[in-house]
Amino acid sequence: MAKATKTATKSTTKPASKAETKAETKDKKPRSPKYVYDFEQGNRNMKDLLGGKGANLGEMTNLGLPVPPGFTITTEACNEYLRQGGLPEGVMDQVARHMKTLEKKMGRRFGDAKNPLLVSVRSGAKFSMPGMMDTVLNLGLNDTTVAGLAEQYGDDRFAADAYRRFVQMFGKIVMGVPGERFEHEIDVVKETNAFTSDTELGVGELTGLVTRFKEIAAEAGVAFPDDPMTQLEMAIRAVFESWNGERARIYRRKNKIPDDLGTAVNVVAMVFGNVGENSGTGVAFTRDASTGDRKYLAEYLTQAQGEDVVSGARTPLSLDELKHRDPASYKELVKVMHTLEQHYRDMCDIEFTVEQGKLWMLQTRIGKRTAASAVKIAVDLVKERQISRQEAVLRVDPASLDQLLHPQWDPEAEIRVVAKGLNASPGAAAGKAVFDARTAQEWAAAGDRVILVRPMTEPDDVGGMYASRGILTSRGGKTSHAAVVARGAGKPCVCGAEELHIDLAERRFTVNGTTVVEGDVIAIDGSTGRVAVGDVPLVQPQLSGDLERILKWADEVRRLKVRTNADTPEDAAKARTFGAEGIGLARTEHMFLGDRLPVVQRMILARTPEEERAALSELLELQRGDFAGIFQAMSGLPVTIRLLDPPLHEFLPSSKELELAIKQLEFDLTSAPGDERARLEKELAEKVDLLGAVERLEESNPMLGMRGVRLGVARPGLYAMQVRAIMEAACDVKEKGGRPVVEIMIPLVAVREELEMMRAEAEAVIADVLKSRRKKIDVLIGTMIELPRAALVAAEIAESAQFFSFGTNDLTQTTYGFSRDDVEGKFLSKYLELGLLKANPFETLDQSGVGRLIRIAVSEGRAARPGLKVGICGEHGGDPASVEFCHAAGLDYVSCSPFRVPVARLAAAHAALKDSGVGGSETR
Ligand code: PEP
Ligand code: MG
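Residues numbered from 1 in each chain as written. Chains lettered and ligands numbered in written order. Predicted model: local features only at pLDDT ≥ 70, side-chain atom pairs only at ≥ 80, totals over all residues. Heavy atoms only, no water.

**Focus on the pairing of strand β22 (residues 514-517)**
Then, in step 1: Of the two faces of β22, only one is covered, namely that formed by Thr 514 and Val 516; the face formed by Thr 515 and Val 517 stays uncovered.
Then, in step 2: Relative to β22, strand β21 (residues 508-511) runs antiparallel, the two sharing four bridges. Counted as the bridge partner of Val 511 is Thr 514 from β22.
Then, in step 3: In this structure, the hairpin formed by β21 and β22 is closed by a connection of two residues, where Asn 512 is found at a positive phi of approximately 40 degrees. (Buried < 20%, exposed > 50% of the residue type's maximum accessible area, 1.4 Å probe, protein only. Helix = DSSP H or I, 4+ residues; strand = E, 2+ residues; numbered from the N terminus. Pairing = 2+ DSSP bridges.)

**Thoughts on a negative patch on the surface**
Then, in step 1: Taken together, Glu 180, Glu 183, Asp 187, Glu 191 and Glu 458 make up a surface patch of like negative charges.
Then, in step 2: Its place among the elements puts Glu 191 in helix α8 (residues 179-192). (Patch = residues over 30% accessible without salt bridge, like charges linked within 9 Å, V, L, I, M, F, W, Y side chains within 5 Å. Areas by Shrake-Rupley, 256 points an atom, 1.4 Å probe, with all protein chains shown as cover. Salt bridge = Lys/Arg side-chain N within 4 Å of Asp/Glu carboxyl O. Lys, Arg positive; Asp, Glu negative; His and termini not counted. Charge placed at Lys NZ, Arg CZ, Asp CG, Glu CD.)

**Focus on the sheet that holds strand β12 (residues 358-366)**
Note on sheets: strands pair through backbone hydrogen bonds, and any given pair is parallel or antiparallel.
Then, in step 1: Strand order in the open sheet made by the five strands is β10-β9-β8-β11-β12, with antiparallel pairing throughout. Of all strands in the sheet, those bounded by a partner on one side alone are β10 (317-318) and β12.
Then, in step 2: Inspection of the sheet shows strand β8 (residues 280-285) paired to strand β9 (residues 297-302) by six bridges, in the antiparallel sense. The residue of β9 that forms the bridge with Phe 285 is Leu 297.

**A word on the coordination of the magnesium ion (ligand 2)**
Then, in step 1: Glu 786 (OE) and Asp 810 (OD) make up the full set of protein donors to the magnesium ion (ligand 2), lying at 2.0 Å. Highlighted residues: Glu 786 in the loop between β30 (779-785) and α30 (788-792) and Asp 810 in helix α32 (residues 808-816), separated in sequence by 24 residues. Grouping residues by exposure puts Glu 786 and Asp 810 together as buried. (Donors = N, O, S within 2.8 Å, 3.2 Å for Na, K, Ca; no water.)

**A short note on the packing of aromatic side chains**
Any two aromatic rings considered together are summarised by their centre-to-centre distance and by the angle between their planes.
Then, in step 1: The final tally for this structure, using the stated rule, is 16 aromatic pairs.
Then, in step 2: Taken together, a centroid distance of 5.5 Å and an interplanar angle of 55 degrees make the contact between Phe 166 and Phe 170 tilted. Taken together, the positions of Phe 166 and Phe 170, both in helix α7 (residues 156-174) and four residues apart, correspond to about one turn of that helix.
Then, in step 3: For Phe 166, a relative accessible area of 0% translates into the label buried.
Then, in step 4: An aromatic cluster of at least three residues, connected via ring pairs, comprises Tyr 816, Phe 818, Phe 827 and Tyr 831.
Then, in step 5: Against the face of Tyr 37 rests Lys 34, its NZ or CZ located 4.5 Å from the ring centre. (Phe/Tyr/Trp six-rings, centres within 6.5 Å; stacked < 30°, edge-to-face > 60°. Lys NZ or Arg CZ within 6 Å of the ring centre and 35° of its normal.)

**Remarks on the site of ligand 1**
Then, in step 1: Arg 587, Arg 642, Gly 807, Asn 809 and Arg 820 are the nearest of the 14 residues found near ligand 1.
Then, in step 2: With respect to ligand 1, the backbone of Asn 809 contributes an N or O atom lying 2.7 Å from an oxygen atom.
Then, in step 3: For ligand 1, an oxygen atom lies 2.7 Å from a polar atom in the side chain of Arg 820.
Then, in step 4: Listing elements by their share of the shell around ligand 1, those giving two or more residues are β27 (583-587) and α32.
Then, in step 5: With three residues, α32 is the single largest residue contributor to the shell around ligand 1.
Then, in step 6: Looking at the shell around ligand 1, its residues break down into three nonpolar, four polar and seven charged. (Near = heavy atom within 4 Å. Polar contact = N/O pair within 3.5 Å; in protein donor to acceptor, adjacent residues only side chain to side chain. Nonpolar A, V, L, I, M, F, W, Y, C, P; charged D, E, K, R; others polar.)

**Re helix α34 (residues 850-864)**
Then, in step 1: Helix length check: α34, at 15 residues, gives a terminal C-alpha distance of 21 Å against a target of 21 Å (1.5 Å per residue), a fit within 8%.
Then, in step 2: Along α34, the residues that are buried comprise Val 850, Gly 851, Leu 853, Ile 854, Ala 857, Val 858 and Gly 861. All buried residues of α34 lie within an arc of 155 degrees about the axis, which places them on one face of the element. Residues Arg 852 and Ala 863 are exposed on α34 and point more than 90 degrees away from its buried face.
Then, in step 3: Elements that come into contact with the buried residues of α34 comprise α30, α31 (794-800), β31 (803-806), α32, β32 (869-872) and α35 (880-888). (Expected span 1.5 Å × (residues − 1). Arc of directions from axis to C-beta. Contact = heavy atoms within 4.5 Å.)

**Comments concerning the packing of helix α4 (residues 75-84) against helix α10 (residues 228-242)**
Then, in step 1: Packing of α4 against α10 brings their axes to within 10 Å, and their N-to-C directions diverge by 80 degrees. Taken together, the axes of α4 and α10 are roughly perpendicular relative to one another. Contacts between α4 and α10 involve Ala 77, Cys 78, Tyr 81 and Leu 82 from the former and Arg 237, Phe 240 and Glu 241 from the latter. (Axes fitted to C-alpha atoms, helices over the stretch in contact; angles between N-to-C directions. Parallel < 35°, antiparallel > 145°, perpendicular 65-115°, else oblique.)

**Comments concerning the environment of Gly 867**
Then, in step 1: Examined against the element boundaries, Gly 867 turns out to sit in the loop between α34 and β32.
Then, in step 2: In this structure Gly 867 comes out as exposed when scored by relative accessible area, which is 69%.
Then, in step 3: For the pair Gly 867 and Asp 892, spaced 25 residues apart in the sequence, the C-alpha separation amounts to 10.0 Å.

**Observations concerning the sheet that holds β21**
Then, in step 1: Taking strand neighbours across the sheet as the criterion, the three strands line up as β20-β21-β22 in an open arrangement whose pairing is antiparallel. The open sheet is flanked by β20 (501-503) and β22, the only strands paired with a single partner. Mean inter-strand twist for the sheet, computed between neighbouring axes without regard to direction, equals 20 degrees.
Then, in step 2: In this sheet, β21 lies alongside β20 in antiparallel orientation, the contact comprising three bridges. From the neighbouring strand, Ile 502 faces β21, where its bridge partner is Phe 509.

**Some thoughts on the nonpolar core**
A general tendency of soluble globular proteins is for nonpolar side chains to be buried together.
Then, in step 1: Counting 133 residues, the largest nonpolar core has Phe 631, Phe 806 and Leu 891 as the members making the most contacts within it.
Then, in step 2: The residues touching Leu 891, leaving out its near neighbours within four places in the chain, are Arg 559, Leu 560, Phe 806, Ile 854, Val 858, Arg 862, Val 870, Gly 871, Ile 872 and Cys 886.
Then, in step 3: Counting residues in each nonpolar core, the second largest holds 90 residues, with Ala 160, Val 189, Phe 195 and Cys 495 among its members. (Core = buried A, V, L, I, M, F, W, Y, C linked by side-chain atoms within 4.5 Å.)

**Observations concerning the pattern of salt bridges**
Then, in step 1: Using the criterion set out here, one finds 66 salt bridges in the structure.
Then, in step 2: The partner of Glu 743 in a salt bridge is Lys 869, and the shortest N-O contact between them spans 2.6 Å. Taken as a pair, Glu 743 in strand β29 (residues 741-746) and Lys 869 in strand β32 lie far apart in primary sequence, 126 residues in all.
Then, in step 3: Judged by relative accessible area, Glu 743 falls into the buried class, the value being 2%.
Then, in step 4: A relative accessible area of 24% places Lys 869 in the partly exposed class.
Then, in step 5: Where salt bridges share partners, they join Glu 589, Arg 642, Asp 645, Arg 707, Asp 810 and Arg 820 into one cluster.

Structural data, given as structure tokens:
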């Protein structure tokens, strides 16, 4: 936020006269770049330069829609401003010239005492960033021009109120004074006069407030500027500076918007929605942004100015009510919405104002929408023959599908619904109620599930909103700040739940006789708007018909196959319903937990070969059943089973835990009665033994130690047991008519010889089982590429491996030298904040480093073994940007968790379409 001290430069700009312009040309002085464009000079393809808002205002102007005249100052000017720490030369001269043109178009003059021109100043980056920087309205007002405004509209109160709003907004947004200071003054005046609403404030009170507001603003160290051109320059500077404000940076990080785009500034002739009952302002969507239904959706406030609707401070009227009150404006609005949809061939969202019965368009853009609505709209537009199937595929952001795979309330659960608000963002959540954003962040960081409860949210709350499971507000419509941010973040949100009486001071709310205090668990359902008290179990959703259709169209164009990471028959079956084409990674260690743990521990702690063999054969029995279930669930599709990978100490208690237990036992023994002593002594001896074993297995860097293939080498018989269980299971399934497709994967290989040794052992077991069971089953034996060395000697390794699967979790860990288990809580957020890393490399594949290793391994591996099958099974397999990389790097498949399978299918299609030159989507 720009502070007054920084922005108080008095404008030195005066409009360039013709003579000056001529002299400039004659002297051949280098002209400054073009920084300002009239709306007529812009169009929708100029978003980089004019920002989304400016580009679309240009597009609408050229479509002949009723847009108030104005101009856009470019993002280049912003970037130059940020680079050199001040306005680049020539910007204000150009602004002054365009203001002259604006004056001519409007027949009004900026700063004129009789017939003043007023403007709004609005930020607008390439991608919309709600709440980054609010609009400054009514700019150009001062003690002189306010009289002119009153005369223009024949309404003294309106002019005084416009002036009050201007000083308040300018003071808050441009001069950086906390908004509550102004709100407080209004409350004082209302209390003194026993007014209950703002509308009772008369000219006298409003003028008094203007004086008081200016005094408050001056406390920032600079007098409130009266000169309109100074006001304009300060506002432009403030918009530019807001690009680097905290709110904007958080939003960009969250939405992966680059930091170097900059924002444009739009200067637009004012039109007023607050001049009488036949005026108003609103926002509209050409289709339902929540469900995608084909119906216009608008929220309209009479007697209001711009931000009143978005802020959610008053509950707006519906489109039907507008139709009833002002049929002419309604008709015009519907016509404009139809034109925009046909023109953009997509759902648009718009902001509009009606000034004394005349409609004005203030903004349009491709509307933000929930994933459900994106899917429905894309399918509907294909049915309406507006777009092709391929375009429809590109209209749905793969990452957004996560939203559709959000949990819902368990329909079987007993739920105490206490209120119903608006279904502002889909999905369900349960968690502790918290009443401010900071607490939400703190509690969430400590591991709590939280729901942020506020009367309404503000841009400063975004950190807390992202940290929460869901958001609940008592005020505001579906276009309120809370709703827009929640949808963008894929968080469930219920807003406008007016039955809630929220007491922020007491940190509680009451609703229909129930009181919820901070920390009590509540649940919300953002798909229906329901609010419940108490915990509600959640269930996973199914794919909708429209989503199935989009995914089918995606399957028609993608090249990459999509498998899943699954260790249980249930997960495998679920993933199959989501379209998984096999298992890319079954981690066998997950089968060693739970009630299997004692057997595993016996195997690890065995003191004699006999003891070890006995434990291994017990495990063999158990694993055979596990594998059979998985082969059955994936019958006919490949199943890659990874042999045991983690360090063995993970299956034992920690030495700390054991030391504590030993101390306790020793203490208990000092006072134990005689008949107890023997039992305690036996237990103590066992614990001491166990501690010895644990200490022998403990390592300083376990992730770089006895794990992966090294376990197989160091524990002869362990991998052989697993391979036997796999093959016997495959035979069992085949005997029952199933079609097991077996791939055995050896993890963490660094040198070809270790792989060869394990492969030889596995092949002997496979041959033995197939011979004794008289079966023929093809089996591939491959390896994971998880170490830089393995990638670099891929040609050698490929000679012994029938497939590669990139374990990019470990490959990222070992390439960066970042511990995958600790990095998040330690330095990663700092790195991201400082811009040292653009993204978390454990979420989004680092293409230049880890990606380079992958490319080397693919090309050298395939050179040694033509046609080598290559996939990825690290977490990156479900991340859309990483999937795009895998497509480009020539992988055969990606593998990801079951719920990300649809995401990966769609991302793979996007990659293929973009690769073949089919354009991307404008939606963001
Ligand atoms: C990997 O390292 O990427 C991998 C898939 O294996 P794990 O996460 O089990 O180490
Ligand atoms: Mg690994």
